[in-house]
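# Reading the structure
Take a look at the letters that make up each chain.
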Amino acid sequence: MNRYRLGAATMSRASTLVDMHAQPTPYADVNEVLDQFLADISALLGARFVGMYVYGSLALGDFDPRGSDIDFVVVTDSDLSVDLVEALHAMHDRFNAGDSPWTTEGAVVSKPVAARWA
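Residues numbered from 1 in each chain as written. Predicted model: local features only at pLDDT ≥ 70, side-chain atom pairs only at ≥ 80, totals over all residues. Heavy atoms only, no water.

## Let's talk about the packing of aromatic side chains
For clarity, the cut-off: Paired rings are identified among Phe, Tyr and Trp, the last through its six-membered ring, by centres lying within 6.5 Å, and are further divided according to the angle between planes into stacked (under 30 degrees), edge-to-face (over 60) and tilted (the rest).
By the definition in use, this model includes 4 aromatic pairs. Pairwise contacts between aromatic rings join Tyr27, Phe63 and Trp102 into one cluster.

Written as structure tokens, this is what we have:
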């Protein structure tokens, strides 16, 4: 399975599913960032985690490692508690304050909301 599967069932055609079993992009550093986000998010959410999708330039093939950001959506099985949302925001803020050359734009939606995009 590719890490990024175009046209994933629960998202629009302009998104790609993140899967930890392959090196899907030609950007090893981007793959490392996505792997770390995926591991951290799935550990934090546990069974509530459904999937993580990238969208924007990375999903559409227009990514420029010198200036693009990394856009992603996390899908959960249902709405999250305030504590979990705050923990996700804190994790995201720590990454963007770090030394990565890319900023990230992340969102969290529940599976029922994401299904409306299919």
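Having seen the model, we can carry on.
## Description of helix α3 (residues 82-97)
For the record, the criterion: For the purposes of this entry, the term helix denotes a DSSP run of H or I that reaches at least four residues, the term strand denotes a run of E that reaches at least two, and both are numbered from the N terminus. The span expected for a helix works out to 1.5 Å for each residue beyond the first. Any two residues whose heavy atoms approach within 4.5 Å at even a single point are treated as in contact.
Between its first and last C-alpha, α3 extends 22 Å over 16 residues, near the 22 Å set by a 1.5 Å rise per residue. Next to the buried residues of α3 lie α1 (28-45), β4 (70-76) and β5 (104-110).

## Points about the pattern of salt bridges
Pairs can form between side chains of opposite charge whenever their charged atoms are close. Selection criterion: Definition used for salt bridges: Asp or Glu carboxyl oxygen within 4 Å of a side-chain nitrogen of Lys or Arg. Residue exposure (1.4 Å probe, protein chains only): buried if accessible area is under 20% of the type maximum, exposed if over 50%, otherwise partly exposed.
Within the structure shown, the criterion is met by 2 salt bridges. Here arginine 48 makes a salt bridge to aspartate 77, at a shortest N to O gap of 2.9 Å. Of this pair, arginine 48 sits in the loop between α1 and β3 (49-55) while aspartate 77 sits in the loop between β4 and α3, and the two are 29 residues apart along the sequence. A residue is classified by how much of its surface remains accessible, and arginine 48, at 23% relative accessible area, is partly exposed.

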